[in-house]
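Read off the chains here:
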Amino acid sequence: MGRGVLLTSNLPQLQNLIKRDPPGYQEEFLQQWNHYNSVRQIFQTNPDEEAQHFRELVTFIAQVAQCYPKHTKDFPSHISSLLLESYGVLSPETRKTLVQTLVLLRNKNVISSIELLKALFPLLPRTTSSSLRAFIRRTILSDIRTANIKTANHKLNRAVQTMLFGMVEKGMDGEVFGDKGKARASHVGNHEGEDAMWAIVLTKELWKKGIWNDAKTVSIVALGCSHPVVKVQSASVHFFLGVDEENEEDSDEDNDDLPNPKALQHRREINKKTRSGDKKLQKTLKSLKNKQKKKAESTTANFPAIQLLHDPQTFGEKLYDILQRYDKRFSLDHKILIMQLLSRVMGSHKTCVLGFYTYIMKYLTYHQLRIPSILVALAQSVHEFTPPDALLPTVTKIAQEFVHPGVGSEVIAAGINAIREICRRQPWAMEEDLLGDLIEYRKSRDKAVTAAARGLLQLFRDVNPAMLKRRERGKEASMGLTKGVKPFGHGEEAAVDIEGLSLLEDHMKRLREEEGVDEGIFEDDDEAAWNGWDVESDSSDESSDGWIDVQSDGEQDLDISDSDDEDEGKKKAEEGSTSKEGAEDAAARISTLATTKILTPADFALLNDLRLQAATEAVEKGGGSATKRKLAALEANKKILAQSGSEDTFISEMDILGPRKKAKADYAERMASIEKGREGREKYGSLKGKKNKATPSSSTNKEKARNKPLMMVLASGAVRSKKKASLKEKQQRLRAHIDRSKKSKR
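Overview of the structure. (Residues numbered from 1 in each chain as written. Predicted model: local features only at pLDDT ≥ 70, side-chain atom pairs only at ≥ 80, totals over all residues. Heavy atoms only, no water.)

A tally of helices and strands in the chain yields 41 helices and 0 strands. Looking at the chain residue by residue over its 746 residues, the buried ones come to 36%. Put simply, 68% of the contacts in the chain that link residues at least 6 apart link residues at least 24 apart. A total of about 46,900 Å² of accessible surface is found on the chain, and carbon and sulfur atoms cover 51% of it. (Helix = DSSP H or I, 4+ residues; strand = E, 2+ residues; numbered from the N terminus. Buried < 20%, exposed > 50% of the residue type's maximum accessible area, 1.4 Å probe, protein only. Contact = heavy atoms within 4.5 Å. Areas by Shrake-Rupley, 256 points an atom, 1.4 Å probe, with all protein chains shown as cover.)

Here's what the structure looks like:
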């Protein structure tokens, strides 16, 4: 038997030999290539005939295609056309083999990423096998991620984004059926919008993994928000509103795998102290910190998706048009999703869609389902550029429906909180008479209602105290009106200084004095300015500092008073109020630091800490209510910045509902709580008498009497009766004892 016959009957052996010596076995390869072409023509006519042999030939040619690129230049197009044109008649094994062949050709650089993705994208909506669909999805994501590891592959990204745009636009001309009633039932098994759905899913995955974070990615999902298929709309809206439930579950699982740093440190304090243990702990904490940092970098985008919208005004108008036109076709949950997205776009980009406030009026009733979410959407849509005339009917409707004696305290609190959030963004959307009525609820017996009314009162004390009655303004607001402080939005004077900046200047000056370093050294090193919080200064600043020093020295040395008693009284008063005046002077002095140094984010973080520290010291020294309110505001601001990292945050339903009392549990909830507490515990009852026994049982009365305390035994009735017994009774007991002992001996 010749060499050719042996090799043609054993394709793996021929594959191995061709990889070692391609020119030497070119004739055998061409023999197999011609055989492949003939089998392919037969397979296209009848896919069930010789399917196994065709799969073996395809796998063989894919393995050695890089050895003969001239002969196999049409091989990838054969595979892709066979998949795209005859996918429905191919068997599952053949489909999987052909897809794996394309991936293998891409791994060997026979085809480019664009050619591979053009063949795989149309297969996603057509594939019925879950395993093959997952394989195609992983292949697409990994190929795009690999192409963008070092630098962004703009050519590939543009090509893929164009394909995704085409997939989303494919069904944009369809009719909107909605997701309510008969329309939802008739479209349960319908596969319309599968292409658009997969385009949105892949785009969201690439955004989540940090591969794509540009405006074009956001434009793909924004186009999906106006798609006629409801599930495509819902997936697109969820992308803008936040992380999906699946992503939250994945993040929770990842967090469970990571160790707890506090638990590791606590265990280290309890266990034996060794150097190796300290090194191991430090190594674990360092690796944990690096993992968390890498995870944050990979999952966090550069900008929020809503901020990258191309035309927010047009996008918001399209969302409102969908809400208004298909109001009766959408379910309430889907309409609330669109309301929330529209409100966030309006609040973030300061856009105005005035018809939205008219549309939402019909939902503002206390018995409306999911009314807290609707109130949140309404409050988030308001900003300082929203016309007050458009908001005034909405605020009046909320007050009429939610704030009256005929509803519960939770409803009243939710209504007042919603009005407060609206007025916090646009204070002019309030009438003076209505404000007075709402503030009267601060005398309510319910804690949530009282807190809501006080919050509204404090808001208008800050932004527009003129709308309050004189006795409700408070001391600080009344003094501000006396000084001519103008209300919100009316010709505020230009700022001449940053609040508390003098505290930062004094802090930097103390650091320089402690280190003993000249100011000129810090000017040449930007890094030292970050580490030492130093100030760059020039000769004019030095001269001004010198004049201040001379003036202060002169005030201490000069004596120009005629009365010694007046001098002694002034000196005592000055000595008693030195610390208090120092803090006040530092806060009131206009600092020149902002004109001599570029303040970094670290400087502003230190400035907030110094302001908080100064406010705390002022409260400890006996400051008034205004000082306490200032401290509370600074602490709240610090908490918000720590949680979100930004001052411009969206509100939640808890901000509308306010503090709520814990509802009384019913019988089923109480029994469930009791059963949960008994898990992992032994059966109730005393363990006395059950130990060291074959059969569990309680202790006997004899055992209990033996362990009885002596003082209780002395006070018992049996012992007392023995003490008080007469001689005749004692004789009878003795005789009975003797008789019992004789009977027992028998």
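Another aspect to go through is the pattern of salt bridges. For the coordinates displayed, the defined rule picks out 14 salt bridges. Between Asp195 and Lys170 there is a salt bridge, and its shortest N-O distance comes to 2.9 Å. With Asp195 in helix H12 (residues 194-208) and Lys170 in the loop between helix H10 (154-169) and helix H11 (182-186), the pair connects residues that are 25 residues apart, well separated along the chain. Between Lys443 and Glu440 there is a salt bridge; the shortest N-O distance is 3.6 Å. Given a relative accessible area of 60%, Lys443 falls into the exposed group. (Salt bridge = Lys/Arg side-chain N within 4 Å of Asp/Glu carboxyl O.)

On to the packing of aromatic side chains. Per the stated rule, a full pass over the model turns up 14 aromatic pairs. With 6.5 Å between their ring centres and 25° between their planes, Phe29 and Trp33 make a pair best called stacked. Linking Phe29 with Trp33, this pair stays in helix H3 (residues 26-45), spanning 4 residues, or about one helical turn. Phe29 gets classed as buried once you look at its relative accessible area, which sits at 0%. Exposure remark for Trp33: the relative accessible area of 10% places this residue in the buried category. Aromatic pair Phe239 and Phe240: ring centres 5.3 Å apart, planes at 75°, arrangement edge-to-face. Residue class for Phe239 comes out buried when judged on its relative accessible area of 9%. (Phe/Tyr/Trp six-rings, centres within 6.5 Å; stacked < 30°, edge-to-face > 60°.)

Turning to a nonpolar patch on the surface, a few remarks are in order. On the surface, Tyr667, Met671 and Ile674 cluster together to form a nonpolar patch covering roughly 300 Å² of accessible area. Mapping Tyr667 onto the fold places it in helix H37 (residues 667-677). (Patch = residues over 30% accessible without salt bridge, like charges linked within 9 Å, V, L, I, M, F, W, Y side chains within 5 Å.)

Of all hydrophobic cores here, the largest spans 79 residues; its most connected members are Phe240, Phe315, Leu341, Met430 and Phe460. Per element, the largest residue contribution to this core is 9 residues, and it comes from helix H23 (residues 409-425). Excluding residues that lie within four positions of it along the chain, Met430 makes contacts with Leu392, Val395, Ile419, Cys423, Leu435, Leu438, Phe460 and Met467. Leu14, Phe29, Leu102 and Phe121 belong to the second largest nonpolar core, which has 63 residues in total. (Core = buried A, V, L, I, M, F, W, Y, C linked by side-chain atoms within 4.5 Å.)

At a closest axis distance of 13 Å, the pairing of helix H21 (residues 371-380) and helix H22 (residues 388-402) adopts a crossing angle of 155°. Taken together, the axes of H21 and H22 lie roughly antiparallel to each other. In the crossing of H21 with H22, the sense of the turn from one axis to the other is left-handed. Contacts between H21 and H22 involve Ile371, Leu375 and Leu378 from the former and Thr394, Ile398 and Phe402 from the latter. Of the residues contributing to the contact of H21 with H22, the split by class is 5 nonpolar, 1 polar and no charged. (Axes fitted to C-alpha atoms, helices over the stretch in contact; angles between N-to-C directions. Parallel < 35°, antiparallel > 145°, perpendicular 65-115°, else oblique. Left-handed = near helix turned anticlockwise from the far one by under 90°. Nonpolar A, V, L, I, M, F, W, Y, C, P; charged D, E, K, R; others polar.)

For Ile211, the location among the structural elements is in the loop between H12 and helix H13 (215-224). Here the alpha-carbon distance between Ile211 and Ala147, two residues 64 residues apart in the chain, equals 9.7 Å. Setting aside anything within four residues of it in sequence, one finds Ile211 in contact with Leu141, Ile144, Arg145, Asn148 and Leu206.

What follows covers helix H9 (residues 130-147). Compared with an ideal rise of 1.5 Å per residue, which puts 18 residues at 26 Å, H9 spans 26 Å between its outermost C-alpha atoms and is within 8% of the ideal. Where H9 is concerned, the buried positions are Leu132, Ile136, Thr139, Ile140, Leu141, Asp143 and Ile144. In the core, the buried residues of H9 are packed alongside helix H6 (92-107), helix H7 (113-120), helix H8 (123-126), H10 and H12. (Expected span 1.5 Å × (residues − 1).)

This part covers a negative patch on the surface. A contiguous patch of negative charge on the surface is contributed by Glu431, Glu432, Asp433 and Asp437. On the basis of relative accessible area, Glu432 is assigned to the partly exposed category, the value being 47%. (Lys, Arg positive; Asp, Glu negative; His and termini not counted. Charge placed at Lys NZ, Arg CZ, Asp CG, Glu CD.)

Positioned with a positive phi, Lys350 is a non-glycine residue whose angle comes to about 60°. One can find Lys350 in the loop between helix H19 (332-349) and helix H20 (355-359). By relative accessible area, which is 33% here, Lys350 ends up partly exposed.

Attention shifts here to the environment of Arg454. The residue Arg454 is located in helix H25 (residues 447-463) in this model. Residues Arg454 and Ile439, 15 residues apart in the sequence, show an inter-C-alpha distance of 7.1 Å.

With that settled, consider helix H4 (residues 51-64). Given a rise of 1.5 Å per residue, 14 residues ought to cover 20 Å, and the 21 Å separating the end C-alpha atoms of H4 matches this to within 8%. H4 sits mainly inside the fold: 10 of its 14 residues count as buried. Of all the positions in H4, only Ala51, Phe54, Arg55, Leu57, Val58, Phe60, Ile61, Ala62, Gln63 and Val64 are classed as buried. In this structure, the buried side of H4 is in contact with helix H2 (11-20), H3, helix H5 (75-85) and H6.

Further remarks concern the packing of helix H27 (residues 501-515) against helix H34 (residues 601-620). Relative placement of two packed helices is described by the angle separating their axes and the distance separating the axes. Between H27 and H34, the least distance of the axes is 9 Å, while the angle of their chain directions is 100°. Taken together, the axes of H27 and H34 are roughly perpendicular relative to one another. For the pair formed by H27 and H34, the contact residues are Leu501, Leu503, Leu504, His507 and Met508 on the first element and Asp603, Leu606, Leu607, Leu610, Arg611 and Ala614 on the second. In the contact of H27 with H34, the residues fall into 8 nonpolar, 1 polar and 2 charged.

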